[in-house]
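Breakdown of the fold
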Amino acid sequence: MLQDIKGMVSDIIYKNLENNYTVFEVLCDEEVFTAVGIVPDIAIGEKVKIYGEFYVHPVYGQQLKVSYLEKLLPETKDEIYMYLSSGVIKGIGKKTAKKIVDTFGDDTIRVLQQEPERLLSIRGMTPEKVERIKNMFAFQKFLKDIMTVFSQYGLSQNHAMRLFKLYGFSALGLLNENPYFLLDVFPELDFKKVDRMALDMGIGLEDARRIQAKIINILNTGSSSEGHTCLPREKLVLLVSKALEIEKEKTEEALLDLERVKRVVIDTIDGVEMVFLFGFYECEKFIADRIFSMLRTYEDIADIDEKISEFEKRNNIAFSNNQRKAIKMALTEGVSIITGGPGTGKTTIIKCIIDIFEQEGKKVFLCAPTGRAAKRMQAACQKEAKTIHRLLEMTVTDSQVVFQRGPGNPLRCDVIIVDETSMVDSFIMNYLLAATKDTTRLILVGDKDQLPSVGAGNILKDLIRSDVVPYVRLTEVYRQSENSFIVLNAHRINNGEFPHLQKDSDFYFIQKDSQQDILKTVVELVTKKLPSYLSADPLRDIQVLCPSKKGIVGMYNINRVLQQYLNPAGASKKEFVYKENTFRVGDRVMQVKNNYSLEYTVIEGDEKGRVSTGIFNGDIGVIKDIDRAEGVMEIVFDDDKLVFYDFSLLDDLELSYAMTVHKSQGSEFRCIVMPVVETYPILMTRNLLYTAVTRAKELVVLVGKKSALQYMIANQKEAMRYSALYDFLRRKLKDTQLQA
Ligand SMILES: Nc1ncnc2c1ncn2[C@@H]1O[C@H](COP(=O)(O)OP(=O)(O)OP(=O)(O)O)[C@@H](O)[C@H]1O
């Protein structure tokens, strides 16, 4: 229950200078308690009013979690002296504080607030110090004013302070002018909260600012949670009108206004009118243009057939006709695509392509969308592979992502090979192409039947469907041994067939009907049976993959239960409770949002000591230490990246004993265990099952109902993704043909 408490700050245990996360002690009615939260700068001796909630931390006992802190001005002479001498105003120490209080007495606060210039009569005071005092009071007033409003709508003090950092005192004016501007600054905010605030501030139900904000909000949500780069105009107008309970005509008007100021673009894609956020439109258009300018056929490598045959001899392998075709295509085309399921020889082909290019003295760069995929590529090809972000030398300045490699400073190489292209989204593809010279060959390798990228766009599928870029689809499976059914069954599933289930193979199905039984079985498998059967470490080698997040066998619940078994609480084990999660030393965790500015240090291997930034959606780590006083956790991501992970970022961290299939893309595990139950049809799809099964190297165990498994195999409906790259490519093709 939220309560408000008045007291005096008696000690500051920790303060993070970057985000103001503060642990401090408050004296209230002769009792001292600890308070924790993101609060404005406070000093010992200051009187405060705190709105917050008490909770009991298992290690540190009772604490007050602050949701809003208001500074109270001192009243008595003694209080004013204590306040001023606490260092709260830079440049005013004990001596000056005494002089001020002696001169103005009980009137001090009024003078400070209303007539600060009078302070200049005191020795040691300078116009700069007076300015600082003015600013401090103005900031406190600003915070108080803004929080009086924000706190009513569940908007946080953290947002208020960030707003001040960005806009200073003008933030209030901007907010009054258009409260919805908050959503432009923090698109992750709940529209409803901002909307309630705006309506109470007098904005009308049909105000254009309200409707425009909702249009942008729906387009933003469509891209961040469903991967759309655009939405059908009709659908968008309907969604907005319904959500705001207004006439469609009003939404149409607001939409045209947004188009006029270039915040959105309306264009007909594949015969349907679509609305884009301006950035996404530009992005997909750019990708199409760049692909076109790179399309060409090279004839600079002689005797390709002989060179492939030599590779075959050296590696004791005979390529199929199709594989040979893929190699030749990659060697001669400006842009090419090689797609195929597991074990169809993609990696072997990449090795041959690198080999021949390098014989010709050509410089080849390898990259992949995630750290794990890049690591796998590097190990398989015995050649350095980087994440695309690193290849582009991404840096972060003032929270802005900057790629050092771009049109003015392109990647200096002859060939770029991208692995796991199904996971590449529009945003990163756009930057990769911006940094690629027209004369660099681009080879995109991936499995088009995997789930699409987490970020917006449908790059690989759109490119293949457009028929603009030459591609080869590999279908024959080479990786098979007598008792191995994983690869075989992955292909069966992809073809709509029921998997072969055979005892003592590496592909099991355990029939359980109730969700409770499924949960029990999954936990038994992960904690007892599989570790001994596979001689595996359950924390590293076994991964539970869930179709859904919620429910008894959803990701959240399985994580909670597995944590109790695999990493239980202990007297000496540090932990930190954050919202519904308890994070504990030894826990396996996952980053669930791209954080381009998070700094890490490489602690293993050739690059030991390298410091860089960027921890991305899907990166897995282990908590090594928790420092509650400092408000940070030490987490090692991807086995070698040490991050000091600030508590204020914990919304982006989840336990990962279990993870959703979506988040497992691009990763491989020795063993995967998946509950198979009836859930939303959109989560019971063939490509979700296929993606899950192809994550396993040694063992697949599916637990649940056969009927649910059958449903998944038959359900080819994929979550619809609206994108325009296909259409843009086709248009360009048509234009070029017309010109020719
Ligand atoms: N033409 C071939 N003849 C015999 N074996 C082959 C042939 N092509 C590939 N292989 C073998 O098949 C196995 C799988 O190939 P590879 O690892 O290249 O496939 P992949 O498509 O990259 O698989 P994944 O996506 O699962 O990593 C390897 O052991 C490889 O040596």
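Residues numbered from 1 in each chain as written. Predicted model: local features only at pLDDT ≥ 70, side-chain atom pairs only at ≥ 80, totals over all residues.

Turning our eyes to something else, we now look at the overall build of the protein. A count of helical and extended segments in the protein gives 26 helices and 30 strands. Against the compact-globule benchmark of 27 Å for 740 residues, the protein has a radius of gyration of 30 Å, which places it among compact chains. With the C-alpha coordinates of the protein rotated into their principal frame, the extents come out at 95 × 65 × 55 Å. For the protein, buried positions account for 42% of its 740 residues. A sequence separation of at least 24 residues applies to 67% of the contacts in the protein between residues at least 6 apart. (Helix = DSSP H or I, 4+ residues; strand = E, 2+ residues; numbered from the N terminus. Rg over C-alpha atoms; globule rule 2.2 N^0.38 Å. Buried ≥ 20, exposed ≤ 12 C-beta atoms within 10 Å, placed from the backbone. Contact = placed C-beta atoms within 7 Å.)

A few words now on the confidence of the model for the protein. Looking at the protein as a whole, the pLDDT averages 91, with 98% of positions reaching at least 70. Predicted complex metrics record ipTM = 0.97 and pTM = 0.82. (pLDDT = per-residue confidence, 0-100.)

Glancing now at the packing of helix 19 (residues 459-466) against helix 26 (residues 725-739). Here helix 19 crosses helix 26 at 30°, and the two axes come no closer than 8 Å. If you check the angle between helix 19 and helix 26, you find them roughly parallel. Where helix 19 crosses over helix 26, the two elements pack in a sense that is right-handed. Only Leu-725, Tyr-726, Leu-729 and Arg-730 of helix 26 make contact with helix 19, whose side of the interface consists of Ile-459, Asp-462, Arg-465 and Ser-466. For the contact of helix 19 with helix 26, the class distribution of residues is 4 nonpolar, 1 polar and 3 charged. (Axes fitted to C-alpha atoms, helices over the stretch in contact; angles between N-to-C directions. Parallel < 35°, antiparallel > 145°, perpendicular 65-115°, else oblique. Left-handed = near helix turned anticlockwise from the far one by under 90°. Nonpolar A, V, L, I, M, F, W, Y, C, P; charged D, E, K, R; others polar.)

Taken together, the 3 strands give an open sheet; going across it, the order is 6-8-7, and neighbouring strands pair in antiparallel fashion. Taken across any chain shown, the strands that pair with only one partner, and hence form the sheet edges, are strand 6 (230-232) and strand 7 (264-269). Each strand axis lies, on average, 30° off the axis of its neighbour in the sheet, ignoring direction. Sheet topology places strand 7 next to strand 8 (residues 272-277); 6 bridges connect them, and they run antiparallel. Following the sheet pairing, Ile-266 is matched in strand 8 by Val-275. Contacts between helix 11 (residues 248-260) and the sheet are confined to strand 7 and strand 8, with strand 7 contributing the most and set at about 105° to the helix. (Pairing = 2+ DSSP bridges.)

Below, the discussion takes up helix 20 (residues 486-494). The element helix 20 is largely enclosed, with a buried count of 7 among its 9 residues. The set of residues buried in helix 20 consists of Ile-486, Val-487, Asn-489, Ala-490, His-491, Ile-493 and Asn-494. Where helix 20 is buried, its residues meet strand 17 (507-511), helix 24 (686-693), strand 30 (696-704) and helix 25 (706-714). Looking at the residues trailing helix 20, positive phi occurs at Gly-496, about 85°.

Moving on: the sheet that holds strand 26 (residues 641-646). Picture the strands of a sheet paired through backbone hydrogen bonds; they go either parallel or antiparallel. Strand order in the open sheet formed by 7 strands is 23-22-26-25-24-21-27, and the pairing between neighbours is antiparallel. Strand pairing shows two members of the sheet lacking a second neighbour, strand 23 (611-615) and strand 27 (653-655), which therefore form its edges. Taking the axes of each pair of neighbouring strands and ignoring which way they run, one obtains an average angle of 40° across the sheet. Two strands pair when backbone bridges link them, and strand 24 (residues 620-627) and strand 25 (residues 632-637) are joined in this way by 6 bridges, in the antiparallel orientation. Note on strand 25: the bridge partner recorded for Ile-623 is Ile-635.

What is expected of a backbone is that most residues other than glycine have negative phi and most peptide bonds are trans. In the Ramachandran plot, Glu-245 falls in the positive-phi region, its phi being about 55° despite a non-glycine side chain. Looking at the element boundaries, Glu-245 is found in the loop between helix 10 (233-244) and helix 11. When the 8 C-beta atoms within 10 Å are taken as the criterion, Glu-245 is described as exposed. Positive phi, close to 50°, is recorded for Asn-316, a residue that is not glycine. By the element assignment, Asn-316 lies in the loop between helix 13 (304-315) and helix 14 (321-332).

Let us look at the site of the ligand. In the region of the ligand, 15 residues are neighbours, and Pro-342, Gly-345, Lys-346, Thr-347 and Tyr-478 sit closest. Broken down by element, the residue count for the shell around the ligand peaks at 3 residues, all from helix 15 (residues 346-359). A per-class count over the shell around the ligand returns 5 nonpolar, 8 polar and 2 charged. (Near = placed C-beta within 6 Å.)

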